[in-house]
Amino acid sequence: MTAAASPVNLAGQFSSAFGREPDGIWQAPGRVNLIGEHTDYNEGFVLPFAIDRTARVAVGVRSDGKVRLLSTYGDQGLTTADTAHLEQHSAKGWTKYPLGVMWSLQQRGIDVPGLDLLLDSDVPLGAGLSSSHAIECAVISALNDITGAGLSPEDMVLATQRAENDFVGAPTGIMDQSASLRGAAGHAVFLDCRDQAVRLVPFAAEEAGLAMLVIDTKVSHSHADGGYASRREACELGAEVLGVKALRDVALEDLDEASGLLDDVTFRRVRHVVTENDRVLQTVELLDNQGPSSIGALLDASHVSMRDDFEISCPELDLAVGTARANGAIGARMTGGGFGGAAIALTPVAEEQRVRAAVLQAFAQAGYTAPDLFTVTPSAGAMRVA
Ligand code: GLA
């Protein structure tokens, strides 16, 4: 995996690998979710932003329907496939993502050509920053241009979601793709997951003297494992028992009554989603009116809700969040699907070194693998770069 500061010469590497020039290079970012976790598949609200780390794909069209996939990292050599037989079960490692997107476009009746594709990415893998969606969004942007399919961002979001759900096998929502495809520098993406309406909300943390610190715990997770799916099932059960289309339709005031209708675990899952939706709306209002320094308490409350009600945190994430808060961060929470991955800590620039040192020390003392710490800034969404 290449460092953010020194991107590889992708066109040059493509030419060496495939003996021809690429037709173009497309990139798409990973994301950090500021707030609104496990609300997307409940038709609720989310507030992620695209980060300054991207997956890039150099792509050359082939006329014979063959697919050749290569990446600049990992030890997986050249993978070959054929557009006539895109098989869910035989796709390995990262190649699931481009092949899944090609398959998903075919399901929409789009004639997908054969391709040579070289991937490079500096979105950390498995850190909960949507490295897989970054790949999918770079690939779908490329294919949308190459095929002239004319898909809207909303269509591309749904097509990549289908790739994730039905090809990769992860029952995830639409947040990550929306951030990657629709993000903008200096802004968070306020997304209503019921109708995909987006409003870009200014989130200029740096101007407020704040850094958004990411703490990658290195605890690996997969949304194709059971934890994510079981949370989703609990939400669906809750909605069914409460007689609503989705938990988006449950208001804070309904929670008292809901507690009498649901078993304890389902009630706590529901309470997380309902209160988290409300926290997203409050965060947007605060960002609009008071700026990033005002949202710390909401980030903290979101973490507590995920830890205690939704039960998707882990000791490493709790330690990262608690240590960051005790050493100067104004708010911190785990970000992404949970069960590992990364935490975010909104930290005054003047306190950043103290937070970093304290987190590293706390992890060492606990005997945990050393985390990776780095800052991210809200950045542009997917685009063609060459
Ligand atoms: C993962 C999924 C998203 C969303 C989050 C939790 O990132 O891909 O769709 O559900 O988890 O908020």
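Preceding this section is the structure that the text describes.
Residue positions are counted from 1 within each chain, in the order its sequence is given. For this predicted model, a pLDDT threshold of at least 70 governs which residues receive local features, and a threshold of 80 or more governs which side-chain atom pairs are given and counted, while totals over whole chains, interfaces and linings are taken from all residues. As a rule here, side-chain values cover all heavy atoms of the structure and leave hydrogens and water aside.

Visitor: What's the story with empty space enclosed by the protein in this structure? I'm lost.
Guide: Remark: the empty space left among the atoms is shown by a probe the size of a water molecule rolled over them. Buriedness for pockets is judged along seven lines, at least five of which must meet protein on both sides within 12 Å for an open set on the 1 Å grid over protein atoms alone, while cavities are sets there where a 1.4 Å probe fits but cannot get out, and lining residues have an atom within 4 Å of a point. Grid points are joined across faces, edges and corners, and a volume is the space filled by probe spheres set on the points. If you walk through the whole model with that rule in mind, you get one cavity of 30 Å³ or more. Roughly 110 Å³ of volume is contained in the largest cavity. Lining the largest cavity are 13 residues, with Asp-40, Met-175, Asp-176, Tyr-228 and Gly-337 positioned closest to its centre. Its residues assigned to classes, the lining of the largest cavity shows three nonpolar, six polar and four charged. Where a domain begins and ends is set by an automatic assignment or by a domain database. Shared between two domains, the lining of the largest cavity holds at least three residues of each, these being domain 1 (7–202 + 380–384) and domain 2 (206–376). Three classes are used, and their members are as follows: Ala, Val, Leu, Ile, Met, Phe, Trp, Tyr, Cys and Pro are nonpolar, Asp, Glu, Lys and Arg are charged, and the others, Gly among them, are polar.

Visitor: So what exactly am I meant to see when it comes to helix 5 (residues 175–182) here?
Guide: Every α-helix carries 3.6 residues per turn, so stepping three or four residues along brings you back to the same face. Any residue under 20% of the maximum accessible area for its type is buried, any over 50% is exposed, and the rest in between are partly exposed; the area is computed with a 1.4 Å probe on protein chains only. Helix and strand assignments come from DSSP, with helices taken as H or I runs of at least 4 residues and strands as E runs of at least 2, each series counted from the N terminus. Most of helix 5 sits out of view: eight of its eight residues are buried. Of all the residues in helix 5, the buried ones are Met-175, Asp-176, Gln-177, Ser-178, Ala-179, Ser-180, Leu-181 and Arg-182. Structurally, helix 5 contributes buried residues whose contacts are with strand 1 (24–35), strand 2 (45–62), helix 3 (131–147), helix 4 (153–168), strand 6 (187–192) and strand 7 (197–202). Residues count as neighbours in contact if any of their non-hydrogen atoms are within 4.5 Å of one another.

Visitor: Looking at this structure, how should I read the site of the ligand?
Guide: Taken together, 14 residues sit near the ligand, with Glu-37, His-38, Asp-40, Asp-176 and Tyr-228 positioned nearest. Throughout this description, a polar contact denotes any pair of N or O atoms lying within 3.5 Å of each other; where both atoms belong to protein, one of them has to be capable of donating a hydrogen while the other can accept it, and for residues adjacent in sequence the pair is counted only when both atoms sit in side chains. Side-chain polar atom of Glu-37 to an oxygen atom of the ligand: 2.7 Å apart, as the coordinates give it. Shrake-Rupley sampling with a 1.4 Å probe provides the accessible areas, and residues are treated as covered by the protein chains on show and by no other component. Within the complex, the protein chains bury 99% of what would otherwise be the 300 Å² of accessible surface of the ligand. Cavities and pockets are treated as containing a molecule whenever more than half of the molecule's atoms lie within 2 Å of their grid points. In a pocket analysis with a 2 Å cut-off to the grid points, the ligand is assigned to the largest cavity. Here the shell around the ligand is composed, by residue class, of three nonpolar, seven polar and four charged. Counting contributing residues per domain, the shell around the ligand is built from domain 1 (7–202 + 380–384) and domain 2 (206–376), each supplying no fewer than three. In this text, near means that some heavy atom of the residue lies within 4 Å of the molecule or strand in question.

Visitor: Explain the pattern of salt bridges here, please?
Guide: Between side chains of opposite charge, a pair can form when the charged atoms approach closely. By definition, a salt bridge exists where a carboxyl oxygen of Asp or Glu is found within 4 Å of a side-chain nitrogen of Lys or Arg. Scanning the entire structure with this criterion turns up 29 salt bridges. A salt bridge links Asp-116 to Arg-68, with the nearest nitrogen and oxygen atoms 2.8 Å apart. One end of the pair, Asp-116, is in strand 5 (residues 114–121); the other, Arg-68, is in strand 3 (residues 66–71), and 48 residues separate them in sequence. Using a relative accessible area of 0% as the deciding quantity, one classes Asp-116 as buried. Where Arg-271 meets Asp-309, a salt bridge forms, and the shortest distance between an N and an O atom there is 2.8 Å. Of this pair, Arg-271 sits in helix 8 (residues 264–289) while Asp-309 sits in the loop between helix 9 (296–308) and helix 10 (315–326); the two residues are 38 residues apart in sequence, bridging distant segments of the chain. It is possible to trace a salt-bridge network through shared partners that takes in Arg-20, Asp-23, Arg-62, Asp-64, Arg-68 and Asp-116.

By themselves these figures say nothing about function.
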